[in-house]
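Remarks on the overall topology
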Amino acid sequence: MKQDGEAGRAGSLAAEKRCIMVVGPSGAGKSTLLKSLGLMDGQVKKTEALVYLDRAIDTPGEMLSVPRYYNAIILNSVRASLILFVIDAGRRTRLPARIALALKAPVLGVIAKTDAASPADLADAEAALKGAGVEDLVRVSAKSGEGLEELQRRLFSRSRPGTARRYSRQPRGFGPAHNGGEL
Ligand SMILES: Nc1nc2c(ncn2[C@@H]2O[C@H](COP(=O)(O)OP(=O)(O)OP(=O)(O)O)[C@@H](O)[C@H]2O)c(=O)[nH]1
Ligand SMILES: [Mg+2]
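This section reports on the structure supplied with the text. (Residues numbered from 1 in each chain as written. Chains lettered and ligands numbered in written order. Predicted model: local features only at pLDDT ≥ 70, side-chain atom pairs only at ≥ 80, totals over all residues.)

Our focus in this paragraph is helix H4 (residues 70–77). Residues lying three or four places apart along an α-helix face the same way, a consequence of the helix completing one turn every 3.6 residues. Taken together, the buried positions of H4 are occupied by Ile73, Asn76 and Ser77. Projected onto a plane normal to the axis of H4, the buried residues spread over an arc of 105 degrees and lie on a single side. Within H4, the exposed residues directed more than 90 degrees away from the buried face are Asn71 and Leu75. The elements touched by buried residues of H4 are strand S1 (20–23), strand S3 (56–58), helix H3 (62–65) and strand S4 (82–88). (Buried ≥ 20, exposed ≤ 12 C-beta atoms within 10 Å, placed from the backbone. Helix = DSSP H or I, 4+ residues; strand = E, 2+ residues; numbered from the N terminus. Arc of directions from axis to C-beta. Contact = placed C-beta atoms within 7 Å.)

If you want it as structure tokens, here you go:
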């Protein structure tokens, strides 16, 4: 499959180092996405601190809302081969301007929860990510499964067979969560 631009390059890097870092506001769906991609096990709970997984780094959304934590995000981004910058399509999001440009790995924007978003929401989410300096975007829903196959392909298409677990066709990663958890 042809892979274009920065995220295409990122895909092959991810295949080599297989370390994907998720960044984004609290409740955006970062941990759920990692679980849907087969990168995290167990029940999704609010992420309270940086979590180092075998092939991923999960971050708490608060790190993006408190400027003194920006450095921690930037420093940890060195360990990643690809950063997924995740925002909730259904929620108005303000992001620090051009913050993605400070990160030390290629960034792919993920507009999450598309199952709960209108076309206007999607346009707002796209504008928010672009303002944060994220150019390459994908739309996904961990609930309906929309976009997950495409994302999986972009992340792992050059990995050796079997190195990345396939995401389940049954949406997973749901359950009681910090915000009530009902989908
Ligand atoms: N409708 C819908 N809800 C989702 C989707 N993905 C996640 N959620 C819900 O969104 C809530 C927050 O998800 P998390 O994965 O914990 O969000 P997070 O970005 O990791 O949040 P922090 O750990 O606080 O930074 C949970 O209740 C999830 O079930 C989705 O694709 N669609
Ligand atoms: Mg989380």
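For the rest of this paragraph, the subject is the pairing of strand S5 (residues 107–112). Of all six residues that make up S5, six are buried, and the element is covered over most of its length. Side chains of S5 alternate between two faces, with Val107, Gly109 and Ile111 and Leu108, Val110 and Ala112 buried alike. As judged from the six bridges shared by S4 and S5, these two strands associate in the parallel manner. Along S5, the bridge assignment pairs phenylalanine 85 with glycine 109. Here S5 runs beside strand S6 (residues 137–139); their pairing, made up of three bridges, is parallel. Paired with glycine 109 across the bridge in S6 is leucine 137. Each parallel crossover has a hand, and for S5 linked through helix H5 (residues 119–131) to S6 it is right-handed. (Pairing = 2+ DSSP bridges. Right-handed = clockwise from strand over helix to strand, strands pointing away.)

All right, on to the site of ligand 1 then. If you check the shell around ligand 1, you find 25 residues, and the closest are Gly29, Ser31, Thr32, Thr47 and Gly61. Examining the composition of the shell around ligand 1, we find that three residues originate from one element, helix H2 (residues 30–36), more than from any other. Along the lines of polarity and charge, the residues of the shell around ligand 1 split into nine nonpolar, 11 polar and five charged. (Near = placed C-beta within 6 Å. Nonpolar A, V, L, I, M, F, W, Y, C, P; charged D, E, K, R; others polar.)

Strands sit in the order S2-S3-S1-S4-S5-S6 across an open sheet of six strands; the sheet is mixed. Either end of the sheet is taken by a strand with one partner, and the two such strands are strand S2 (51–52) and S6. Two strands pair when backbone bridges link them, and S2 and S3 are joined in this way by two bridges, in the antiparallel orientation. Paired with valine 51 across the bridge in S3 is aspartate 58.

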